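Tertiary structure, described
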Amino acid sequence: MINSSETFKTYSKYYNIYIGTKTKDLEFYKSLTEKNRKIVEIGCGTGRILKFFLKNDYHITGIDISHEMLELCKIDLVNFISSGKLLLFNHDFSVSSFNELFDTALITFFTFNYVKNPVSFLKNVYDSLNNKAIIIIDLYYPHVFLNKEIEDKWLIKELKDNQRIITLKEKRRMENNIEHRIQIFSEDNVEETVRSERIYYSPHEIKKYLSNAGFINIRYSLTHNKDNFVDNIEEIDIKVGNYVVTAEKPGCVQVELKE
Ligand SMILES: C[S@@+](CC[C@H](N)C(=O)[O-])C[C@H]1O[C@@H](n2cnc3c(N)ncnc32)[C@H](O)[C@@H]1O
């Protein structure tokens with residue numbers, strides 16, 4: 001399998017122009033957490049979500065396995081680092097828990113679908129949370145499941161910002177529950193290829209992984225709207241390219257002492 005830090009080594013050069021302007025999930029994450037909670041974004045990448053929280057006067061920690069993504073994040077958000085509002089760390093939760101505890105863990109925009117060993121990852125996240133902490137995960141629903149016709153076909157897009165024009169050729173195919181994607185970015189006659197593998201986790205599977213890790217109150221939303229959470233969804237209910245799951249770490253159990 002392709003290691004996701006390999007994927008993001010090259011992808012980091014194009015990530016901001018490809019995804020950096022995406023905003024439609026931002027208010028949703030803010031609506032799910034309060035300023036007095038200690039918030040971590042796991043898989044913060046170049047800081048798209050961190051920046052939004054920081055601009056809204058939150059303090060936040062960003063953690064990622066990719067040095068290249070973190071480096072771009074540091075450059076962009078250096079003022080927030082200097083003011084102590086942002087802490088950034090390179091850490092892999094698949095390997096170990098973190099040495100601090102958080103109240104809210106955000107795992108946004110399909111970071112979890114790059115995780116190859118969900119059992120150890122979730123156990124380590126669980127161990128890095130305070131009692132009653134919440135975890136919020138935005139999960140990928142493969143494009144090919146929504147439209148079989150795009151499977152293995154090259155799609156071409158132009159990516160533009162004030163300084164750069166890039167042509168992106170991409171195609172994807174599913175092999176069981178794994179999406180294999182090839183992206184070819186061409187800029188100034190230089191071509192670079194990014195290969196990624198994203199695992200599709202169904203609503204039932206994610207519930208199993210979360211509850212085996214110890215999480216409770218597992219709830220789903222098919223939209224980025226905090227008022228639309230329900231106790232269960234089926235795969236057939238998913239009509240767009242994602243769904244969201246939230247869960248809680250249990251609080252202290254009160255034991256009644258008998259005389
Ligand atoms: C699709 S990007 C999302 C970046 C950012 N959250 C956003 O919404 O723009 C996924 C990020 O997750 C990181 N990642 C993948 N596996 C990870 C892991 N096991 N632990 C921490 N970060 C991981 C990648 O390096 C990448 O920066």
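Structural notes, computed from the coordinates. If you're wondering where the values come from, they're calculated on a predicted model, not measured in any experiment.

Looking now at the pattern of salt bridges. One side chain can pair with another of opposite charge once the charged atoms of both are near each other. Taken as a whole, this structure holds 20 salt bridges when the rule is applied. One salt bridge connects Glu179 with Arg172, and the closest N-O pair in it is separated by 3.3 Å. For Glu179, a relative accessible area of 0% corresponds to the buried category. Note on Arg172: relative accessible area 5%, which makes it buried. Overlapping salt bridges bring together Lys157, Glu170, Arg172, Glu179 and Arg198 as one network.

A sheet is described by the order of its strands in space; here 7 strands give the open sequence β3-β2-β1-β4-β5-β11-β10, paired in mixed fashion. Bordering the open sheet on either side are β3 (86-90) and β10 (216-221), each of which pairs with just one other strand. For this sheet, the mean angle separating the axes of adjacent strands, direction not counted, is 15°. Here strand β1 (residues 39-42) pairs with strand β4 (residues 102-107) via 3 bridges, running parallel. For Val40, the partnering residue across the bridge sits in β4 and is Ala105. Across the sheet, helix α3 (residues 48-55) lies against β1, β2 (60-64), β3 and β4, angled at about 175° from β2, the strand it touches most. Taken strand by strand, helix α4 (residues 67-76) contacts β2 and β3, and its axis lies near 160° from that of β3.

With that settled, the discussion passes to the pairing of strand β6 (residues 155-160). Two elements, β6 and strand β7 (residues 165-175), share 6 bridges in a ladder whose sense is antiparallel. From the neighbouring strand, Ile156 faces β7, where its bridge partner is Lys169. In sequence, β6 turns back onto β7 through a hairpin of 4 residues.

The rules behind each value
Residues numbered from 1 in each chain as written. Predicted model: local features only at pLDDT ≥ 70, side-chain atom pairs only at ≥ 80, totals over all residues. Heavy atoms only, no water. Salt bridge = Lys/Arg side-chain N within 4 Å of Asp/Glu carboxyl O. Buried < 20%, exposed > 50% of the residue type's maximum accessible area, 1.4 Å probe, protein only. Pairing = 2+ DSSP bridges. Helix = DSSP H or I, 4+ residues; strand = E, 2+ residues; numbered from the N terminus. Axes fitted to C-alpha atoms, helices over the stretch in contact; angles between N-to-C directions. Contact = heavy atoms within 4.5 Å.

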